[in-house]
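# Survey of secondary and tertiary structure
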Amino acid sequence: MMTVQPKIDTSPLVSDEIRKTTCYMCACRCGINVHLTSGKVSYIEGNRDHPINKGVLCAKGASGIMQVTAPSRLRAPLRRVGPRGSGAFEEISWDEALALAVSWMAPLRETAPEKLAFFTGRDQSQSFTGWWAQAFGTPNYAAHGGFCSVNMAAGGIYTIGGAFWEFGQPDWERTKLFVLFGVAEDHDSNPIKIGLGRLKERGARVIGVNPIRTGYNAVADDWLGITPGTDGLLILSLIHCLLEAGKVDLEYLARFTNAPLLVVEDGPEKGMIAKNAESQPFVIDRKTGQPAPWDGKGVQPDLGATYQGNRTVFQHMAERYLSPDYAPEAVASRCGIAADRIRALAAELAHVAFDQAIEINQSWTDFRGDFHTTMPGRPVSFHAMRGISAHSNGFQTARALHLLQIVLGTVEVPGGYRLKPPYPKPMEAHPTPHFVTAPGKPLSGPHLGYVRGPENLALKEDGSAIRIDKAFTWENPFSAHGLMHMLIPNAHAGDPYKIDTLFLYMANMAWNSSMNSAKVMEMLTDQVDGEYVIPRIIYSDAYASEMVAYADLILPDTTYLERHDCISLLDRPISEPDAAGDSIRWPVVEPDRDVRPFQSVLLDLGARLGLAPMVNADGTARYKDYADYIVNHIRRPGVGPLIGFRGDGTAEGRGDANPDQLARYIENGGFYQAHVPEEAAFYKPWNMAYQDWAVKTSFYETPQPYLFSIWSEPMRKFQAAAEGLGAIQPPDHLRARLKQAMDPLPIWYPPFGDLEASGWGYPVHAITQRPMDMYHSWGSQNAWLRQIRGTNYLYLPTKIWTEQGFSEGDYARVISPNGGITVPVAHMAALNENTVWTWNAIGKRKGAWALDDAAPEATTGFLLNHLISELLPDKGDGARLSNSDPVTGQAAWFDLRVRIERVDPRAQSEPSFGPIPHVVPQGKERA
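Model, not experiment: these values are computed from the prediction.

Here we come to the sheet that holds strand 23 (residues 501–505). Backbone-to-backbone hydrogen bonds pair the strands of a sheet. The strands run either parallel or antiparallel. Sheet architecture is open: seven strands sit in the order 5-4-27-26-23-6-7, paired in mixed fashion. The two strands at the open ends of the sheet, each matched to only one other strand, are strand 5 (89–91) and strand 7 (141–142). Both strand 23 and strand 26 (residues 536–541) contribute to a ladder of five bridges, which runs parallel. Following the sheet pairing, L504 is matched in strand 26 by Y539. Of the strands in this sheet, strand 6 (116–120), strand 7 and strand 23 touch helix 4 (residues 126–136), which is tilted by about 175 degrees from strand 6. Across the sheet, helix 18 (residues 598–609) is in contact with strand 6, strand 23, strand 26 and strand 27 (553–556); its angle to strand 23 comes to roughly 145 degrees.

Now for the confidence of the model for the chain. Mean pLDDT over the chain stands at 95; residues scoring 70 or higher make up 98%. Confidence drops under pLDDT 50 across residues 921–927; counting only partners more than four residues distant or on other chains, this segment forms 16 contacts.

The subject of this paragraph is unusual backbone geometry. In this model, Y423 is joined to P424 through a cis peptide bond whose omega is 10 degrees. Its location among the elements puts P424 in the loop between strand 22 (417–419) and helix 16 (487–493). Of the consecutive residues E910 and P911, the connecting peptide bond is found in the cis state with omega at 5 degrees. You can see P911 is positioned in the segment after strand 36 (897–902). Positioned with a positive phi, D529 is a non-glycine residue whose angle comes to about 55 degrees. With respect to the helices and strands, D529 occurs in the loop between strand 24 (527–528) and strand 25 (531–532). D529 sits in the exposed class, given a relative accessible area of 77%.

This part is about the packing of helix 3 (residues 94–111) against helix 4. Orientation of helix 3 relative to helix 4, taken along the N-to-C sense of each, is 60 degrees, at an axis distance of 10 Å. One way to sum up the angle between helix 3 and helix 4 is to call them oblique. Residue-level contacts link M105, L108 and R109 of helix 3 to W132, A135 and F136 of helix 4. Class assignment of the residues belonging to the contact of helix 3 with helix 4 gives a composition of five nonpolar, no polar and one charged.

On to the environment of R378. For R378, the position within the fold is in the loop between strand 20 (375–377) and strand 21 (380–384). Classification of R378 by relative accessible area gives buried; the value is 18%. Separated by 35 residues in the primary sequence, R378 and V413 place their C-alpha atoms 6.8 Å from one another. The contacts of R378, once residues within four sequence positions are left out, are D249, A353, F354, A357, L408, G409, T410, V413, P414, G415 and G416.

Turning to helix 11 (residues 313–321), a few remarks are in order. Helical geometry: 3.6 residues make up each α-helical turn, so side chains three or four residues apart lie on a common side. Turning to helix 11, its buried residues are V313, F314, H316, M317, A318 and Y321. Considering only its buried residues, helix 11 is in contact with helix 9 (231–245), helix 10 (250–256), strand 12 (262–263), strand 16 (310–312) and helix 15 (394–408).

On to the pattern of salt bridges, then. This model, assessed by the stated rule, comprises 48 salt bridges. One salt bridge in this structure joins E244 and R343, with 3.3 Å as the shortest N-O distance. Remark: R343 occurs in helix 13 (residues 339–355) and E244 occurs in helix 9; sequence separation between them is 99 residues. Exposure remark for E244: the relative accessible area of 47% places this residue in the partly exposed category. In this structure, E329 and R343 form a salt bridge, with 3.1 Å as the shortest nitrogen-oxygen distance. Taken together, the positions of E329 in helix 12 (residues 328–335) and R343 in helix 13 put the pair 14 residues apart, joining distant regions of the chain. We classify R343 as partly exposed; its relative accessible area is 31%.

Reading guide: rules and limits
Residues numbered from 1 in each chain as written. Predicted model: local features only at pLDDT ≥ 70, side-chain atom pairs only at ≥ 80, totals over all residues. Heavy atoms only, no water. Pairing = 2+ DSSP bridges. Helix = DSSP H or I, 4+ residues; strand = E, 2+ residues; numbered from the N terminus. Contact = heavy atoms within 4.5 Å. Axes fitted to C-alpha atoms, helices over the stretch in contact; angles between N-to-C directions. pLDDT = per-residue confidence, 0-100. Buried < 20%, exposed > 50% of the residue type's maximum accessible area, 1.4 Å probe, protein only. Parallel < 35°, antiparallel > 145°, perpendicular 65-115°, else oblique. Nonpolar A, V, L, I, M, F, W, Y, C, P; charged D, E, K, R; others polar. Salt bridge = Lys/Arg side-chain N within 4 Å of Asp/Glu carboxyl O.

Below is the structure:
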């Protein structure tokens, strides 16, 4: 008798259709395949053809299915009918909502456009939202970067013309030693995980410098548990060791940096780069001993030259960092790292960079016209993120880390740190900030940019700030991303003036996107004579966040699977070092609620307001929606939001609008890549093949080779002004801090929080970081991600745990100069002994995000935000200085100092705020 075996389908179809788009669950912008069954999302996987993730998808990305079904999704426009914070709203139509918004905005535009403040959170369309705000005419626009990354961005742009974060990455295929500074797991996680896998396969070394050993640092071969806020001091000590040993790349410094330029030693131009009769910097040629153009063919710049009493930048640099103040023995106790470990790290960097140097057999021609037969490389690379950035010395620390790369000769070389198109760009290629307003007129230019000197500050004739957040003032001159954390405190204080309407998108300012959150909630509800101090608040979000209850008008957004988005080279593209890349999102499913994509809503508002770029000559709307804008908007001749399939569908980078462009992107998996020619792959700032390709592909209008800026002349201009030089002078109470913070060579100074804590009884550093499985606030209302991390603890090092007799299940009182909270604690051995930390944004307010009131996020969950003041202590001079980096205005989250006290183990998390009444319709399924 024959036995028939059953046929089992081991790979059944999980869907009846697949649509390819771009993830939005973090900043990686990975490619995803969205599986649909009967028109509904049933599964999300990585797109194996996508250049960013190559099929890899993390827990966040796979959990995107829960975002499109989340019970917290807003369902229709809402108008407040009760007090702010009460959650009392009524549903209204879109026509009513937009008419109400226009009735508030139109009078402001015609009389005082600065009284509208438009700020966005972690959206990925800032070139578009900034364009809209510019057309409206308000100077008050910025996005999330002032919270998060401006020290990284500005520190990089002002030094090497590019930055860490997602604007560059190590040469994963060739690097032999990779060092991470302050890198948590939430940001750019898939590319880093893939890269670390490649390094491990090849036996390359990975070193983590971080107070906390989790995630990437946990898989590193070595870990340096540094004291928070001292990374810059450690880095400058490494530079000291390299200079002391003669292990610096002199040829690289001479050819590609401003190290051989001359610094004026005396007179009114003291500290500036010496210029010739044509106002151009120059070098001394080693061959002739005479001045020569910095970019002259065949010129061999002399790093050790003197000319007319002026010395080179290199000599100033060597003099500073060879000082015994930077010796490992002098910094070890402050950094929390033994001197021999610092020297060992410096020796390892030198050994790999110089003794294991590599070379690619590829010829190229540099900007001087000099021909090179090979591309030499130094296989050491670095990466850094928020851990070094979110301090009041973070800008100078970022600069110091770039200087360490420069002296090793590891930027834009094989094996080193590689920038992604459209970077590198010199600082001079970026706009300066614009702020000139006129009723009924657009702003004079882009809001955000890079200041060259005091003449670019956003100041009125009386010296007061033009912007509500006081960006681009003497308080924070290089605030290239604005100071979002100062928006509500300044608006509430009427400092520098009162505003009328606060317009926010994806910015959870009533909870985890503000310092001093409890006070901010009070500011949002504060009244004088029965009127709100901040008269009107319009908010757009896809979900019922904590901020929703504090708005007067809600414009509900779609989820990322229900709308068009443009990840553009005008903004934050998905480029790789070997290819410029951009991508789109598109509505793979249609919304089942009365919601609209925020970008399309902005275009509708713009047309109703008559904003010139958004209307035709007859006053009709120029763009029917955001998809129409993506295809047909021209930012400058031949250049639009997307570089692919332009013109007749074959043009790349430059070309006319193509009505089929979005369809072509969808056919291509939602992305496009323009590949860098092989001869242009490295040495990009100085490689003429790259410069020509960049012009062709639309990044530049003309080639822009430049030198890395070790000595920053823009910074020196501000320092010189603080010393009394120049026609434009700062207020006296800021002179001392400008002299220190605006030093043209990277320096280290103690974080302001250390100065506050000195002698006050706050010996412990307290910091937060986001987990790999959550990035947006969305994460802790996501049904799948909550199973990974539904609560948070304050992690205590062994020293504090044992000294105070903590046990599992205990609570602690955490006290800062700004107040106290009570939180659950846990023990962690792999932690700097004077540091405590927690996961950020896990704690939620009861009633928000459609969570049950008994959800752990709303009961035991907590924020450190309540302990952090948005203002520095009053020094008796009457100044309201923000708790920020004095250069960029980056929020100094990680300067927080606390003391820890064990409390009754039966305690509960505090503060505990009353529940926000639910703004999603009652009776709906809750998370």
